[in-house]
Amino acid sequence: MKNEYNLIATAAFGLESLVKREVEQLGYPITATENGRVYYTGDSEAIIDSNLWLRCSDRVLLKIGEFKAETFDELYEQTKKLPWQKYIPKNGAFPAAKITSVKSKLFSKSDGQRIVKKAVADKLMAAYKTRTLPETGASFPIQIRILKDMVTLSLDTSGSGLHKRGYRQYGNEAPIKETIAAALVMLSRWTPSRPFLDPMCGSGTIVIEAALIGKNIAPGLNKVFVSESWPMFRIGQWEQARREARLKENDLDFRIIGSDIDARSLKQARTNAELAGVTDYVAFQRIDLKDIRTKKKYGVIVTNPPYGERIGEIKTLTPLYREMGRVFRSLDDWSYFIITAFPDFQKVFGEKATKNRKIYNSTIKTYFYEYFGPLPPRRKPREDRAERADNEKDEKQE
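Residues numbered from 1 in each chain as written. Predicted model: local features only at pLDDT ≥ 70, side-chain atom pairs only at ≥ 80, totals over all residues. Heavy atoms only, no water.

**What about the overall build of the protein?**
Heads up, the rule is: Put simply, DSSP marks the helices as runs of H or I at least four residues long and the strands as runs of E at least two long, and each gets a number from the N terminus on. Here the radius of gyration uses the C-alpha set of atoms, whereas the globule reference equals 2.2 Å times the residue count to the power 0.38. When accessible area is computed with a 1.4 Å probe and restricted to protein chains, residues below 20% of their type maximum are described as buried, those above 50% as exposed, and intermediate ones as partly exposed. The contact definition used throughout considers only heavy atoms, calling two residues in contact when any of these lie within 4.5 Å. Each accessible area value is a Shrake-Rupley result obtained with a 1.4 Å probe; residue values ignore everything except the protein chains displayed when judging cover. A residue counts as positive if it is Lys or Arg and as negative if it is Asp or Glu; His and the chain ends are not included. Throughout, a charge is located at the NZ atom of Lys, the CZ atom of Arg, the CG atom of Asp or the CD atom of Glu.
Of the regular secondary structure elements, the protein holds 11 helices and 14 strands. Taken against the 2.2 N^0.38 rule, which gives 21 Å for 398 residues, the C-alpha radius of gyration of the protein at 24 Å falls within 12% of a compact globule. Its C-alpha atoms give the protein principal-axis dimensions of roughly 75 × 50 × 35 Å. By the burial criterion, 52% of the 398 residues in the protein qualify as buried. Put simply, of all contacts in the protein between residues at least 6 apart along the chain, 77% involve residues at least 24 apart. When the accessible surface of the protein is totalled, it reaches about 19,600 Å², and 49% of it is carbon and sulfur. Looking at the protein, you have 66 positive and 51 negative side-chain charges, and the mean spots of the two groups are 2 Å apart.

Printed below as a string of structure tokens:
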């Protein structure tokens, strides 16, 4: 009988509904959703699937326990009661890797980490009947969350954040996390049968994430996860899952475009695309925003333009946003989606969004403005082939 675990997929504020949908699509039941967290249950395969396939989650946690603690003595005693030996072997390393404390009497983070570490060590030494723990084996990073005196203790199964796909060796000055870029593409409802453009692509993150989605490439395929050497997994279980993930990649033929005025950023984008394995499905062009033209219909724009956080920058960026509005509206039948923290965006852009949602890009509060154009009419296979030929001709001309 397989063990079932309580799991948590963390996410940027504003992306919880997307992560919930992703978990459900993997086939695992949701137990709760709150700000920045989706709770669900699953076995060891669920941990692997979640790390390999979740595009919008920041990391996957294995929940050990939850309790109320208003004093550090309570924190120690309640932590020690949890069955840590069920997960951490005798030689396992167990750093108190991260702690957050919000609206709690236990506001000293360093003390909280020290006490949780000591409580876990004491529990393991008692369980293994030893006075020392070498901590020379696999790592089991402990995550501590204290919210209004409620403590949640978890083991981090991901290690480095899931946004670190492994392809972005280079980034421009204002990169967007891969997880957020993937979320924006998913929110746009783009499919590989439609044109796709990021006209201010920088180092190409949005374009690359769109290509990974279009090819159904698992975003965590090339990562190494901290939990791969945990004893709960069978030998070869992770590699088997990777092989199965590769078999799920599709054979769709499409090409999506990223453009920018900065040649250095475009060079970085091409390198990143090569590392991501999507070179055959993306193209990067040096084009000024004002010069963008296309005959293609029913396309999708997703972009992350400069925000301008200082007053002087806002004044210089106002013409850019005004020009953006003019160019985007000139593209007949296109849909466009812009994430920005730019003040009075809709007023300067010149059009009210169909919908906007708040998303935190790291610590920056941004809004994702969604302008939905008409969907393309349903076509017969012969018409689809003719359109692809026309699109290839347009690309050469552009």
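**A word on the sheet that holds strand 9 (residues 256-260)**
The condition is simple: Strand pairing requires that DSSP identify at least two bridges connecting the strands. For every element, the axis is a line fit to its C-alpha atoms; helices are fit only across the contacting stretch, and the angle between N-to-C directions ranges from 0 to 180 degrees.
Here seven strands make up an open sheet; going across it, the order is 10-9-8-11-12-14-13 and the pairing mixed. The sheet terminates laterally at strand 10 (282-286) and strand 13 (355-361), the two strands that pair on one side only. Within this sheet the neighbouring strands show an average axis-to-axis angle of 20°, counted without direction. Where strand 13 meets strand 14 (residues 364-371), seven bridges bridge the pair, whose relative direction is antiparallel. Each residue of the ladder has a partner; that of N361, found in strand 14, is I364. Against the sheet, helix 5 (residues 178-187) engages strand 8 (196-198), strand 11 (300-303), strand 12 (335-340), strand 13 and strand 14, with an angle of about 170° to strand 13.

**Concerning the environment of S203**
With respect to the secondary-structure elements, S203 resides in the loop between strand 8 and helix 6 (205-215). Of the residues examined, S203 reaches a relative accessible area of 3% and is grouped as buried. Separated by 61 residues in sequence, S203 and R264 have C-alpha atoms that sit 8.7 Å apart.

**Details of unusual backbone geometry**
The phi angle at E135 is positive, at roughly 55°, despite the residue not being glycine. Examined against the element boundaries, E135 turns out to sit in the loop between helix 4 (109-128) and strand 6 (142-147).

**Description of the pairing of strand 9**
We apply this condition: Viewed with both strands pointing away, a crossover whose connecting path from the first strand over the helix to the second turns clockwise is right-handed.
For strand 9, a buried count of five out of five residues is recorded, marking the element as mostly surrounded by other parts of the structure. In strand 9, alternate side chains face the same way, and those of I256, G258 and D260 on one face and I257 and S259 on the other are all buried. Judged from the two bridges that link them, strand 8 and strand 9 form a sheet pairing that is parallel. Bridge pairing in strand 9 places D198 opposite G258. In the classification by handedness, the crossover that spans strand 9, the intervening helix 8 (residues 263-276) and the parallel strand 10 is right-handed.

**Digging into the nonpolar core**
Short version of the rule: What we call a nonpolar core is a set of buried Ala, Val, Leu, Ile, Met, Phe, Trp, Tyr and Cys residues that are connected through their side-chain atoms within 4.5 Å.
Of all hydrophobic cores here, the largest spans 117 residues; its most connected members are L62, W84, L155 and V278. Excluding residues within four positions of it along the chain, L155 makes contact with V60, L61, L62, I64, W84, Y87, I88, F140, P141, I142 and W230.

**Observations regarding the packing of aromatic side chains**
Test applied: Each pair of aromatic rings taken from Phe, Tyr and Trp, with Trp reduced to its six-membered ring, is defined by centres within 6.5 Å and is described as stacked if the planes are under 30 degrees apart, edge-to-face if over 60, and tilted in the remaining cases.
On inspection of all chains with the given rule, the structure shows 20 aromatic pairs. When the centroid spacing of 5.4 Å and the interplanar angle of 70° are considered together, the rings of F233 and W238 count as edge-to-face. The exposure classification of F233 matches that of W238, with both residues buried. An aromatic cluster is defined as three or more aromatic residues linked by ring pairs; in this entry it consists of Y321, F328, Y336, F342, F345, F349, Y367, Y369 and Y371.

**Quick notes on helix 2 (residues 44-53)**
We count it as follows: Any N or O atom pair separated by 3.5 Å or less is treated as a polar contact, with the protein-specific requirement of one donor-capable and one acceptor-capable atom, and with residues adjacent in sequence counted only for side-chain atom pairs.
Most of helix 2 sits out of view: eight of its 10 residues are buried. Listed as buried for helix 2 are S44, A46, I47, I48, S50, N51, L52 and W53. Sitting at the head of helix 2, D43 places a side-chain oxygen 3.0 Å from the backbone nitrogen of E45.

**Overview of the sheet that holds strand 2 (residues 30-34)**
Taken in spatial order, the seven strands line up as 2-3-1-4-7-6-5 in an open sheet, and their pairing is mixed. The sheet is open, and its two borders are formed by strand 2 and strand 5 (96-102), each paired with just one other strand. Sheet twist, expressed as the average angle between the axes of neighbouring strands with direction ignored, equals 25°. Summarising the sheet, strand 1 (residues 5-11) and strand 3 (residues 37-42) pair through six bridges and their orientation is antiparallel. Note on strand 3: the bridge partner recorded for A9 is V38. Contacts from helix 1 (residues 16-26) reach strand 1, strand 2, strand 3 and strand 4 (57-68), with the element oriented near 165° to strand 2.

Keep in mind these values describe shape, not function.
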